[in-house]
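Letter by letter, the chains look like this.
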Amino acid sequence: DVKVTQSSRYLVKRTGEKVFLECVQDMDHENMFWYRQDPGLGLRLIYFSYDVKMKEKGDIPEGYSVSREKKERFSLILESASTNQTSMYLCASSLFGSRYFDEAFFGQGTRLTVV
Amino acid sequence: SQQGEEDPQALSIQEGENATMNCSYKTSINNLQWYRQNSGRGLVHLILIRSNEREKHSGRLRVTLDTSKKSSSLLITASRAADTASYFCATDWKTSGSRLTFGEGTQLTVNP
């Protein structure tokens, strides 16, 4: 069965901390995504990676960075957490490394609270 | 940003009725997908329709795509209480093959 696993379901961090959100997929997918989801705003794309060590900014990359050292793992980094980064973070992966996306598989989400 | 926009934002129906949700988008796409999200969980893929297709079926789901109007609809027939969830459309743009972007979703409530 296809699986995307996010390291934590719930996370509470302090303002100014460096936060790592980890995502692992077991499907050998080329594409991996990080979204954040907020009420009334839907899902917004933070970063996207189409291959190992490759990344592309999404719509709201400010305050975030990513790392993809291995194909199966895509990490989202909050360099200095702020309260406005309190949100639900969703990781996804999909096949097709070139131009078109097929079905995306999502992790269960990480609800991050920054206090 | 290039996002699909779902309509209505919320829909409440009785079990057994049909539910129709609409999605509009702004520019040319490669494909359009529909996803479902149960409260507090990740999204689950329902159906994908490519830009050269007009209609697709999967079980009780029927999706249509009108590229001239840049719109899609998702019909759930004979709804059940278990269909209660948020439904999102997602578009893969033709101008940039690197983004899969989502709308804000329709919250469907099916009352038993």
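In short, a report on the structure.

Conventions used here
Residues numbered from 1 in each chain as written. Chains lettered and ligands numbered in written order. Predicted model: local features only at pLDDT ≥ 70, side-chain atom pairs only at ≥ 80, totals over all residues. Heavy atoms only, no water. Pairing = 2+ DSSP bridges. Helix = DSSP H or I, 4+ residues; strand = E, 2+ residues; numbered from the N terminus. Axes fitted to C-alpha atoms, helices over the stretch in contact; angles between N-to-C directions. Salt bridge = Lys/Arg side-chain N within 4 Å of Asp/Glu carboxyl O. Buried < 20%, exposed > 50% of the residue type's maximum accessible area, 1.4 Å probe, protein only. Disulfide = S-S within 2.5 Å.

**Examining the sheet that holds strand β7 (residues 64-70) of chain A**
Residues and elements named next belong to chain A.
Okay, so step 1: Strand order in this open sheet of 4 strands is β1-β3-β8-β7, and the pairing throughout is antiparallel. Strands with a single pairing partner mark the edges of an open sheet, and in this sheet they are β1 (4-6) and β7. Looking at each pair of strands side by side, their axes are set apart by 20° on average, direction ignored.
Okay, so step 2: As judged from the 3 bridges shared by β1 and strand β3 (residues 19-25), these two strands associate in the antiparallel manner.

**As for the pattern of salt bridges**
Okay, so step 1: Tallied over the entire structure, the rule returns 10 salt bridges over all chains.
Okay, so step 2: Across the pair Glu79 of chain A and Lys18 of chain A runs a salt bridge whose closest N-O atoms are separated by 3.7 Å. Here the residue Glu79 of chain A occupies a position in the loop between β8 (73-78) and β9 (87-94), and Lys18 of chain A occupies one in the loop between β2 (10-13) and β3, the gap between them amounting to 61 residues.
Okay, so step 3: The exposure class of Lys18 of chain A is partly exposed, given its relative accessible area of 46%.
Okay, so step 4: Note that Arg60 of chain B is salt-bridged to Asp83 of chain B, the shortest N-O span being 2.9 Å. With Arg60 of chain B in the loop between β6 (55-58) and β7 (61-66) and Asp83 of chain B in the loop between β8 (71-76) and β9 (85-93), this residue pair connects regions lying 23 residues apart in the sequence.

**Observations concerning the state of the cysteines**
Okay, so step 1: Tallied over the entire structure, the rule returns 2 disulfides over all chains.
Okay, so step 2: The disulfide partner of Cys23 of chain A is Cys91 of chain A, and the gap between their sulfur atoms is 1.9 Å. A torsion of -75° about the S-S bond marks the disulfide between Cys23 of chain A and Cys91 of chain A as left-handed. Residue Cys23 of chain A is located in strand β3, and its partner Cys91 of chain A is located in strand β9; the two are separated by 68 residues in the primary sequence. As far as the burial class goes, Cys23 of chain A and Cys91 of chain A line up, both buried.
Okay, so step 3: Here Cys23 of chain B engages in a disulfide with Cys89 of chain B; their sulfurs sit 2.0 Å apart. Looking along the S-S bond of the Cys23 of chain B-Cys89 of chain B disulfide, the torsion reads about 65°, which is the right-handed sense. Taken together, the residues span a long stretch of sequence, with Cys23 of chain B in strand β3 (residues 19-24) and Cys89 of chain B in strand β9 at a distance of 66 residues.
Okay, so step 4: Residue class for Cys23 of chain B comes out buried when judged on its relative accessible area of 2%.
Okay, so step 5: Assessed through its relative accessible area of 0%, Cys89 of chain B is described here as buried.

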